[in-house]
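Architecture and fold: a report
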Amino acid sequence: LHERTCTVRDCPFFCGAAVREADLLRHIQEECAEAPVTCGFVDGGGDAGEVACHHTCRRAELDLHQRTCDFRPIPCEYCEQDVAQRRGAMHAGTCEQCPVECPNTCGAVLRRGEVRYHCYAECTEQTVPCVLRNFGCTARHLRAAAPDHERDNAGGHLALMAAAVEALQATSQEQSLQMTAMRSEMDAMRLAHARDTALMRAEVDAARSAHATEALTTQSELDSVREGMAESLEHTASAARSWSAHEADYARRMYAEFHVVRRLLDSQSHERFNETRELRLTLQTVSMKLQDDTDETRAKAIQVSARTREELAPALRAVQSEMVEVRASMVEDQFDHQTTFTRLSQEVDTLRAVIRGILSEATVDHFWPERRVVMANAHAGGHPRVTGEGGEQGGGSLGLAGRGAGAG
């Protein structure tokens, strides 16, 4: 009965453990030393993506396997990144922090990730283009030889920069001519606008004066009509008191016609006033449009001038700075040339003095072979001595030289 109801079971992998049935699965997955397990190390840094170690062994042997597994992570000694044991050498060949020598054999040792910048900006053995490549120099040289190239080609560089300056000046002159043309066009447009505005104002003033004159004329006519009608009404009223009923009806009809004529004149005067007001509004609209066109033209000219100045300013500043550098280099070269020239001049003067002395001695030997005056060595303390044909009283070598010169 107990065996049928007992919940304790022996481990199915014969590890000797007896566990409750509810804990049997956990025991197999976490504790059983005889249960088969997989290594579990993953290499995720390869080109094929993540690759796992599928080695299967008893849990008791797992630690021993993981100590020698090719998939176990090992920190890189340079970048401290965990790398699988099987890719250690491969990683060392691509690690950005690994120290390497400069590929140009300049002797520098630096990190692999800094090689590109080193070759681009620092390496003295890197072949680089001339700093004046934008001005037409196509030479390429080692970075360490840049001063020699600049010194040896200072004249050519100066010519290239002069040509660039001339091109910039030509461009500047062309743009100045364009600006002058635009200013002329703006002035012409401004004059045309001013002329059109003056003409329209003159026309509006003429129309206003004409309408004012017509209004005054109409008002005077209306006043005269009113006066005449008033007089007529007064006369009609005075006569109506004595006239018959027929005459009274006639007077009323005349009064009605007077009101009709008055309303007609008032409507005409109102129409003239409306026309004058419409002309005034038209003039204001035209003036505002002309002002807007003038402002827009001025703004466009200012934008063109500012854009031209911005485009030319960096190039002019670069040319000025490079001209200053070239001028300083030329001053140094001129100083060196001047020193060399002074030294050579001194040597030439010394050589001329020596030749002049030799020529003078040769002249004396030629014209006076029997009376040669030979100066003794100044260090020996001697005095000038006269020698004959055989040179008995003078030095033997000097006498022989004198005879040879005389014979010649």
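Keep in mind it's a predicted model, so treat the numbers as computed, not measured.

How each quantity is defined
- Residues numbered from 1 in each chain as written.
- Predicted model: local features only at pLDDT ≥ 70, side-chain atom pairs only at ≥ 80, totals over all residues.
- Heavy atoms only, no water.
- Helix = DSSP H or I, 4+ residues; strand = E, 2+ residues; numbered from the N terminus.
- Buried < 20%, exposed > 50% of the residue type's maximum accessible area, 1.4 Å probe, protein only.
- Contact = heavy atoms within 4.5 Å.
- Areas by Shrake-Rupley, 256 points an atom, 1.4 Å probe, with all protein chains shown as cover.
- pLDDT = per-residue confidence, 0-100.
- Salt bridge = Lys/Arg side-chain N within 4 Å of Asp/Glu carboxyl O.

Another point: the overall build of the protein chain. On a plain count of helices and strands, the protein chain comes out with nine helices and 14 strands. By residue count, 19% of the 408 residues in the protein chain fall in the buried class. Counting contacts in the protein chain only where the partners sit at least 6 residues apart, residues at least 24 apart contribute 32% of the total. Only carbon and sulfur atoms are counted for the fraction: they give 56% of the accessible area of the protein chain, which is about 29,600 Å².

What follows concerns the confidence of the model for the protein chain. Confidence in the prediction of the protein chain, expressed as mean pLDDT, is 77, and 76% of residues score 70 or more. Between residues 366–408, whose pLDDT stays under 50, and residues either more than four places distant or in other chains, the model counts 37 contacts.

Bringing the pattern of salt bridges into the picture now. For the coordinates displayed, the defined rule picks out 12 salt bridges. Measuring nitrogen to oxygen at the nearest pair gives 4.0 Å for the salt bridge that ties Arg 208 to Asp 205. Separated by three residues within a single helix, Arg 208 and Asp 205 lie in helix α7 (residues 154–240), roughly one turn from each other. Since its relative accessible area comes to 41%, Asp 205 is described here as partly exposed. Among the charged side chains, a salt-bridge network with shared partners connects Glu 34, Arg 58 and Glu 61.

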